[in-house]
Amino acid sequence: MNILENRSISLRAPEPGDLDLLYIWENDTSVWRISGTLAPFSRSVLKMYLDNAGKDIFEMKQLRLIIQLKDKHRPVGAIDLFDFDPHHHRAGVGILVADPSDRRKGYAREALETLMDYCFAFLNLHQLYCNIAAGNSASIALFEAAGFVECGRKKEWLNTGRAYEDELLFQCLKK
């Protein structure tokens, strides 16, 4: 098994054929609050992104990988590294399993474990971090199960439209 595979998923680079899928995922307003998105993405912007997706993580400071089911070769989501800092050996992590019917099947957990192995063994990172809304219990449980530890709280950081919500900072250090 290669470093970007796990039991039932593989992580792969985005392909030009993923344009329509990324267009749907990026413009799904139900996840905008989690991702911090404020406006829709056009196909042309996403095409430019895909045209640059093959560039080196050291140049772009980010990396998106498509989470794909190994047996069906079907994409179910994406996992991102962002704020890649090669000097301090750290990066942020974000994850999306797009279709609610694909959630709670272990795909996000496998993708996160696989990404962590890649980051710690191959990219030689020292730590990964993520920011999670305090009310997002599913994401909190996912990252805690993978070994992330809460290390900070930003009070009333996120505007939900009705109130302000705290944002939690989680870290995982290389063992």
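Here, every reference points to the structure presented above.
Thresholds, definitions, all that
Residues numbered from 1 in each chain as written. Predicted model: local features only at pLDDT ≥ 70, side-chain atom pairs only at ≥ 80, totals over all residues. Heavy atoms only, no water. Pairing = 2+ DSSP bridges. Helix = DSSP H or I, 4+ residues; strand = E, 2+ residues; numbered from the N terminus. Core = buried A, V, L, I, M, F, W, Y, C linked by side-chain atoms within 4.5 Å. Buried < 20%, exposed > 50% of the residue type's maximum accessible area, 1.4 Å probe, protein only. Contact = heavy atoms within 4.5 Å. Salt bridge = Lys/Arg side-chain N within 4 Å of Asp/Glu carboxyl O. Axes fitted to C-alpha atoms, helices over the stretch in contact; angles between N-to-C directions. Parallel < 35°, antiparallel > 145°, perpendicular 65-115°, else oblique. Left-handed = near helix turned anticlockwise from the far one by under 90°. Nonpolar A, V, L, I, M, F, W, Y, C, P; charged D, E, K, R; others polar.

Caption draft 1: Geometry of the pairing of strand β4 (residues 90-97). Bridge count between strand β3 (residues 74-85) and β4: seven bridges; the pairing is antiparallel. The partner of Phe 82 across the bridge, within β4, is Gly 92. Judged from the three bridges that link them, β4 and strand β5 (residues 127-133) form a sheet pairing that is parallel. Of the residues in β5, the one forming a bridge with Arg 90 is Gln 127.

Caption draft 2: The arrangement of the nonpolar core in detail. Counting 37 residues, the largest nonpolar core has Leu 11, Ile 79, Leu 81, Leu 112, Leu 115, Leu 128 and Phe 148 as the members making the most contacts within it. Elements with a minimum of two residues in this core: β1 (9-12), β2 (63-69), β3, β4, α5 (107-122), β5, α6 (137-145) and β7 (164-173). When near neighbours in sequence (up to four residues on either side) are disregarded, Phe 148 contacts Leu 112, Met 116, Leu 128, Tyr 129, Cys 130, Phe 143, Phe 170, Gln 171 and Cys 172. Grouped together as the second largest cluster of nonpolar side chains are eight residues, Leu 22, Leu 50, Ile 66 and Ala 98 included.

Caption draft 3: Representation of the pattern of salt bridges. Here the structure, examined in full by the defined rule, presents twelve salt bridges. Residue Glu 110 is joined to Arg 7 by a salt bridge in which the shortest nitrogen-to-oxygen separation is 4.0 Å. Of this pair, Glu 110 sits in helix α5 while Arg 7 sits in the segment before β1, placing them 103 residues apart in sequence. With a closest N to O distance of 2.7 Å, Asp 80 and Arg 64 form a salt bridge. Taken together, the residues Asp 80 in strand β3 and Arg 64 in strand β2 connect sequence positions 16 residues apart. The class of Arg 64 is buried, set by a relative accessible area of 16%. Here the salt bridges share partners, and the residues they tie into one network are Arg 7, Arg 109, Glu 110 and Glu 113.

Caption draft 4: View of the environment of Gln 68. In this structure, Gln 68 sits in strand β2. The class of Gln 68 is buried, set by a relative accessible area of 11%. Remark: the alpha-carbon pair of Gln 68 and Ala 111, spanning 43 residues in sequence, is separated by 9.1 Å. Once residues lying within four places of it in the same chain are set aside, the contact partners of Gln 68 are Ser 8, Ile 9, Ser 10, Arg 12, His 73, Arg 74 and Pro 75.

Caption draft 5: Just the packing of α5 against α6, in detail. Where α5 contacts α6, the axes come no closer than 10 Å and their chain directions differ by 40°. Here α5 is positioned oblique relative to α6, judged by the angle of their axes. At the point where α5 passes α6, the crossing takes the right-handed sense. Of α6, the residues touching α5 (which contributes Ala 108, Arg 109 and Leu 112) are Leu 142, Phe 143 and Ala 145. The residue makeup of the contact of α5 with α6, split by class, is five nonpolar, no polar and one charged.

Caption draft 6: Local environment of the sheet that holds β3. With mixed pairing, seven strands are arranged side by side in an open sheet as β1-β2-β3-β4-β5-β7-β6. Lying at the two open borders of the sheet, with one neighbouring strand each, are β1 and β6 (149-159). Geometrically, the sheet is characterised by an average inter-axis angle of 25° between neighbouring strands, direction not taken into account. Where α5 meets the sheet, its contacts fall on β1, β2, β3, β4, β5 and β7, and the angle it forms with β1 comes to roughly 50°.

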